[in-house]
Amino acid sequence: MASEDVKTGDSAVSTIVNLAEEAKLAREGVKAPSYALLSISKSLIAGGVAGGVSRTAVAPLERLKILLQVQNPHSIKYNGTIQGLKYIWRTEGFRGMFKGNGTNCARIIPNSAVKFFSYEEASKRILYIYRQQTGNDDAQLTPLLRLGAGACAGIIAMSATYPMDMVRGRLTVQTEKSPRQYKGIFHALTTVLKEEGPRALYKGWLPSVIGVIPYVGLNFAVYESLKDWLLKSNPFGLVQDNELGVTTRLACGAAAGTVGQTVAYPLDVIRRRMQMVGWKDAASVVIGDGKSKAPLEYAGMVDAFRKTVRHEGFGALYKGLVPNSMKVVPSIAIAFVTYELVKEVLGVEVRVSD
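Residues numbered from 1 in each chain as written. Predicted model: local features only at pLDDT ≥ 70, side-chain atom pairs only at ≥ 80, totals over all residues. Heavy atoms only, no water.

Under an unreviewed UniProt entry, the name given to the protein chain is Mitochondrial adenine nucleotide transporter ADNT1, and the source organism is Hevea brasiliensis. Per its UniProt entry, the protein chain bears the Sequence similarities (unreviewed entry) comment "Belongs to the mitochondrial carrier (TC 2.A.29) family." The Subcellular location (unreviewed entry) field of the UniProt record for the protein chain holds the comment "Membrane". (UniProt positions renumbered as here; feature names shortened; annotations may be inferred.)

What follows is about the overall build of the protein chain. Regarding its fold elements, the protein chain presents 12 helices and 2 strands. N-terminal to C-terminal, the α/β element order of the protein chain is α-α-α-α-α-α-α-α-β-β-α-α-α-α. Buried residues in the protein chain amount to 52% of all 354 residues. Considering only intrachain contacts with a sequence separation of at least 6, the fraction spanning at least 24 residues in the protein chain is 77%. As presented, the protein chain carries roughly 16,400 Å² of accessible surface, and 62% of it is formed by carbon and sulfur atoms. (Helix = DSSP H or I, 4+ residues; strand = E, 2+ residues; numbered from the N terminus. Buried < 20%, exposed > 50% of the residue type's maximum accessible area, 1.4 Å probe, protein only. Contact = heavy atoms within 4.5 Å. Areas by Shrake-Rupley, 256 points an atom, 1.4 Å probe, with all protein chains shown as cover.)

With that out of the way, let us pick up the pattern of salt bridges. Going through the model one piece at a time under the given rule, you end up with 24 salt bridges. Asp-268 serves as the salt-bridge partner of Arg-271, at 2.2 Å between the closest nitrogen and oxygen. Placement of the pair is Arg-271 and Asp-268 together in helix H9 (residues 246-276), with a separation of 3 residues, close to one helical turn. A relative accessible area of 13% places Asp-268 in the buried class. Between Arg-306 and Asp-303 there is a salt bridge, with its nearest N and O atoms 2.8 Å apart. (Salt bridge = Lys/Arg side-chain N within 4 Å of Asp/Glu carboxyl O.)

One recurring pattern in soluble globular proteins is that nonpolar side chains are buried together. One finds Tyr-78, Val-173 and Val-192 to be the most contacted residues of the largest nonpolar core, which totals 52 residues. Examining the composition of this core, we find that 9 residues originate from one element, helix H6 (residues 143-173), more than from any other. Apart from the residues within four sequence positions on either side, Tyr-78 is in contact with Leu-64, Leu-67, Leu-68, Gln-71, Gln-83, Gly-84, Tyr-87, Ile-88, Glu-92 and Thr-175. Formed by 7 residues, the second largest nonpolar core is a distinct cluster that contains Leu-206, Leu-267, Met-274 and Met-301. (Core = buried A, V, L, I, M, F, W, Y, C linked by side-chain atoms within 4.5 Å.)

One way to put it is that helix H5 (residues 101-134) packs onto helix H8 (residues 205-233) with a least axis distance of 12 Å and a crossing angle of 60 degrees. Taken together, H5 and H8 sit at an angle that is classed as oblique. Once H5 is placed against H8, the crossing between them reads as right-handed. In this structure, H5 uses Lys-115, Phe-116 and Tyr-119 to contact H8, whose residues at the interface are Val-216, Phe-220 and Glu-224. Residue composition of the contact of H5 with H8, by class: 4 nonpolar, no polar and 2 charged. (Axes fitted to C-alpha atoms, helices over the stretch in contact; angles between N-to-C directions. Parallel < 35°, antiparallel > 145°, perpendicular 65-115°, else oblique. Left-handed = near helix turned anticlockwise from the far one by under 90°. Nonpolar A, V, L, I, M, F, W, Y, C, P; charged D, E, K, R; others polar.)

As structure tokens, then:
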């Protein structure tokens, strides 16, 4: 499975690189996108701030979601959203509510920065090629093309920061009673490399890549399409001075997040479970305080799906969906709105399809 993951990743990256090169070589007669260092830096800063702010705002729900995803059904400690949050508060205190958030921010800031910047650049190139093929210089991105741009951006960003996401998952599920205590990002990375090898840092990468297409792709496609529709139709007088208000953009982001997370959620559950494989103390952490030392083993993504459904039922693929739904809507909405507000403050043009 690891070798398949690497090959798939190389193919995806090659496709994206070839697309960029094709756009670069075909620019005759068309104004090329600006690559001013200042503009690039502003986009990266806006994306990073958006990711950090949105994840910190929903950190307790994010941690509970992961705990529910990997929890063994025969030793339940977290039983629902309210009970789970109360249990964390009672047993680990305030710090427990935000355990793993520092690692998550360290990962999500570069991830979001690369994702938003890659989306804008991919959109520009795809739009250029689309206009060349149709012969219409006024053509705009269709929802399908936006989906492709969003998927490309998600794959690039996720692959670049995946090792940090892998160790973040392990840091998040360990408690004070866990037999293995990772001390932080660096300690976790070096320990995994030493004990499990470099391929272990990409466990669960394949379902992550597959999940990127509906999740990130639909997020961007739905958000941008809703904005365009509202700007053109102006229902209920929501558009003022050719701009949408913060509340309206927040609603667009919420709708985009709801659609993306619902479609891709089972792949996220499988990814988290695969990340625990090979961790010698994972059974103790997942099942509960060292009560079982049974190894957690999956031969690959399909095997993980099969075993999860066979032993726990189809509903196991949606464990943690409630806290995830509660956090993903405000998280995505805050991320999009923060991104655009920061870009406006920095003086960067927001709409990439104009």
